[in-house]
Amino acid sequence: MYEVFRDIDSAKVGLINEMLKNEGIQTMLRNWNATNIISIPIPEFYPNICVSKVEEAQKAKALIDEYLAPSRETFESWLCSHCGESVEGNFQECWSCQSPKA
C-alpha cells in the first residue's frame, strides 16, 4: 500500500478520494473514523488515502498536487457603469449598487 494523501479534515479526504476514483484510480481509505475517538490531533490517526500500485501512487499524487495548488488566475478590476465604483475583478456585480458587470 502506498499512502497518497492524509489530512485531519475528513471532508477534504473524502472529496479527494472521489476525485481519484473518478480518474480510475482504485483507492482504500484508512483511519476514516479514527479522529473522532480522540480529542488530541495526532497525524498518524488522520484519515488517509492509499493505493496499491506505485504507478497509481505517482498519478494520484500529481492529481492531488494539481487540485491543491493555489489558483494563479487573476482578474482585472472594473468600473461599474451604473455608479462608477471600482470593483475587484472576481466579482460579477458591483458591491456598492449590485448592478451586473457590463
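Scroll up for the structure.
Not measured: the values here are computed from a predicted model.

Attention now moves to the packing of helix α1 (residues 10-22) against helix α2 (residues 54-68). It is the contact of α1 with α2, at a shortest axis distance of 11 Å, that shows an interaxial angle of 125 degrees. Considered as vectors, α1 and α2 are oriented oblique to each other. As α1 packs across α2, the resulting crossing turns out to be right-handed. Where α1 abuts α2, its residues L15, I16, M19 and L20 lie against A60, L63, I64, Y67 and L68.

This part takes up the pattern of salt bridges. In the structure shown here, the tally under the stated rule is four salt bridges. For R6, the salt bridge identified is with E3, shortest N-O distance 2.5 Å. Connected through salt bridges with shared partners, the residues E3, R6 and R30 form a single ionic network.

Another aspect to go through is α2. Compared with an ideal rise of 1.5 Å per residue, which puts 15 residues at 21 Å, α2 spans 21 Å between its outermost C-alpha atoms and is within 8% of the ideal. All of the buried residues along α2 are E56, A57, A60, L63 and I64. Taken end-on, α2 shows its buried residues confined to a sector of 135 degrees, consistent with a single buried face. When the buried face of α2 is taken as reference, the exposed residues oriented beyond 90 degrees from it are E55, Q58, D65 and E66.

Once that is clear, we can look at the sheet that holds strand β2 (residues 28-30). Strand order in this open sheet of three strands is β1-β3-β2, and the pairing throughout is antiparallel. Each edge of the sheet is formed by a strand with only one pairing partner; in this case those strands are β1 (2-6) and β2. Looking at each pair of strands side by side, their axes are set apart by 30 degrees on average, direction ignored. With three bridges joining them, β2 and strand β3 (residues 48-51) adopt antiparallel strand pairing. Note on β3: the bridge partner recorded for R30 is N48.

How each quantity is defined
Residue positions are given per chain, counted from 1 along the sequence in the order it is written. It should be noted that, the model being predicted, local features are given only for residues of pLDDT at least 70 and side-chain atom pairs only at 80 or more, the latter also being counted only at that level, while totals for whole chains, interfaces and linings use all residues. To get the side-chain values, all heavy atoms of the structure are used, and hydrogens and water are removed first. For helices, the fitted line uses only the C-alpha atoms of the stretch in contact; every axis is such a line through C-alpha atoms, and the angle between N-to-C directions lies from 0 to 180 degrees. Note on conventions: DSSP H or I runs of at least 4 residues are helices, E runs of at least 2 residues are strands, and numbering of each starts at the N terminus. Here the word oblique covers every angle except those under 35 degrees (roughly parallel), over 145 (roughly antiparallel) and from 65 to 115 (roughly perpendicular). Each crossing gets its hand from how the near helix is turned against the far one by less than a right angle, where anticlockwise is left-handed and clockwise is right-handed. Residues are treated as being in contact if the distance between any of their heavy atoms lies within 4.5 Å. Salt bridge, as used here, is a side-chain nitrogen of Lys or Arg placed within 4 Å of a carboxyl oxygen of Asp or Glu. A helix is expected to span 1.5 Å multiplied by its residue count minus one. The cut-offs for exposure are 20% and 50% of the maximum accessible area for each residue type, with area from a 1.4 Å probe on protein chains only; residues under the lower value are buried, those over the upper are exposed, and the others partly exposed. Starting at the helix axis, one direction is taken to each C-beta atom, and the arc is that of these directions. In this scheme, strands are said to pair when DSSP sees at least two bridges between them.

Such coordinate-based values are descriptive only and should not be taken to indicate function.
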